[in-house]
Amino acid sequence: MNEIASRTIQKTLKALSGTLDWSEPELHVGEGTLRQLPRLLKEKQLKKVLIVTDKGIIQAGLLEQFIMNLDEQGMTYRVFDGIEPNPTIEMCEEIAIHFNSLHADAIIAVGGGSVLDAAKAAGIVITQPEKPLSAFRGLLKVWKKTPYTVMVPTTAGTGSEGTIASVLSSATGNEKYAIMDNVLTPDLAVLDSDLIQTLPKSLIAGPGMDALTHAVEAYIGQSNTAETKEHAKTTVKLMSENLKKVYDGEVDAEARENLLLASYYGGRAFTRAYVGYVHAISHALTAYYNLPHGSTNATVLPHVLRLFGDNIADSLAELAVEAGIENPEGSAVENAKRFIKWVDEMNESMGIAKHIPEIKETDLDGLTEHAAKEAHPLYPVPVIFTRDDIKEAYRIVKGEIE
Ligand SMILES: [Fe+2]
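Residues numbered from 1 in each chain as written. Predicted model: local features only at pLDDT ≥ 70, side-chain atom pairs only at ≥ 80, totals over all residues. Heavy atoms only, no water.

### A word on the layout of surface pockets
The cut-off we apply is this: Using a 1 Å grid laid over the protein atoms alone, points where a 1.4 Å probe fits but cannot get out form a cavity; open sets with protein on both sides within 12 Å along at least 5 of 7 lines form a pocket; any residue with an atom within 4 Å of a point counts as lining. Grid points are joined across faces, edges and corners, and a volume is the space filled by probe spheres set on the points. Amino acid classes used here: Ala, Val, Leu, Ile, Met, Phe, Trp, Tyr, Cys and Pro are nonpolar; Asp, Glu, Lys and Arg are charged; the rest, including Gly, are polar.
A volume near 250 Å³ is recorded for the second largest pocket. Lining the second largest pocket are 14 residues, with Asp-21, Ser-23, Asn-182, Val-183 and Thr-185 positioned closest to its centre. Among the residues forming the lining of the second largest pocket, the class breakdown is six nonpolar, three polar and five charged.

Below is the structure:
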């Protein structure tokens, strides 16, 4: 597809997007907000809840106080802890079976992106059981409101608690697809800083830089709006002020809370304004070499920003202000370079690799195809790359060329 056709599709989608409901979830932010959730649910007349989570969350004891408080409020509940990384349709169907047999009136998802995404998609199985979940793949196929959903993230990165998307995997695990529809926006998001208190460093750095990537890609893309730009700026500012602090283990509940907010706003920014080549290039790398999403994005981000060159200088200079590293006397080009250097330094300070030497020469065509298919024509990237440009990006990420 040529550039004019791609841009026409992107503009049409942007116009269509303006007619949709972008209401945000109700937000509850702070230390111990999960513990307070049962009372809030009761106030909302929600009496029977299905808790969706994974075994790690249970073992870490993150739900103990919450469950005691559910008992105290006289709520009926069931815990389903069968979610594993890369959730499948089958897991979503299992959630729906539990929801229906409990006659539940709400789903409470507590976990990382996989748990949140599985719970979102399960809502579709519950309200539209006559169709297979695979029929909803893509953009705006759901339409029908899903059950009342509460999302409680236990990592700060995916921003799924604020997005319209659910990403599922095929049963074999080597194919991923997204269901995107505004009705999947959660009703309530609980950002409890206590829940990310004991995260290992690797689950702070990668996901944190993923959230930063969401903000940057949304900001430099052509489908951003005044609101998504504000959200993206908030994410950059909060990440610059808090990510390294939390990574370094500073005991600071406010910093953790800000990290969760940064992740949430990054999610709000990209769910409307899309991501771009960093995600497309990185998703292919994840599929080929089983690399983690967040740190792979982090590695790819500065290289792709450099490839865009001066085309994005003004946008990056604006983000440099948010990151607190701009030179007020400097030109946009200079401040854009400062921003990219700051990303490099953030990566380096958290042990994120500058290159991915695992990339094999013989995989370059396949990787390029994978990334091009994801990005074109949907992603409103600032500059449309040819397949040769994308292949060159992979060589740069590999560290083969500058
Ligand atoms: Fe991401």
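Let's pick the thread back up.
### Description of the nonpolar core
The cut-off we apply is this: The criterion is simple. A nonpolar core is a set of buried Ala, Val, Leu, Ile, Met, Phe, Trp, Tyr and Cys residues joined through side-chain atoms within 4.5 Å. Only protein chains enter the accessibility calculation, which uses a 1.4 Å probe; a residue is then buried when its area is under 20% of its type maximum, exposed when over 50%, and partly exposed in between. Delimitation of the domains relies on an automatic or database domain assignment. Here, residues are in contact when the closest pair of their heavy atoms is within 4.5 Å.
Counting residues in each nonpolar core, the largest one holds 77 residues, and the members touching the most others are Tyr-277, Ile-281, Leu-285, Leu-316, Phe-339 and Tyr-394. Per-domain counts for this core show at least three residues from each of domain 1 (14–196) and domain 2 (200–398). Apart from residues no more than four positions distant in its own chain, Tyr-394 is found in contact with Ala-280, Ile-281, Ala-284, Leu-285, Ile-359, Leu-364, Leu-367, Thr-368 and Ala-371. By size, the runner-up hydrophobic cluster in this structure holds 32 residues, among which are Ala-96, Leu-102, Leu-133 and Phe-136.

### Things to note about unusual backbone geometry
Put simply, the test is: Every helix listed is a DSSP run of H or I at least four residues long, and every strand listed is a run of E at least two residues long, numbered separately from the N terminus.
The residue after His-376, namely Pro-377, is reached through a cis peptide bond having omega 0 degrees. Checked against the element boundaries, Pro-377 lands in the loop between α14 (364–375) and α15 (387–398). One non-glycine residue, Tyr-274, lies in the positive phi region at around 70 degrees. The topology assignment puts Tyr-274 in the loop between α9 (253–273) and α10 (277–289).

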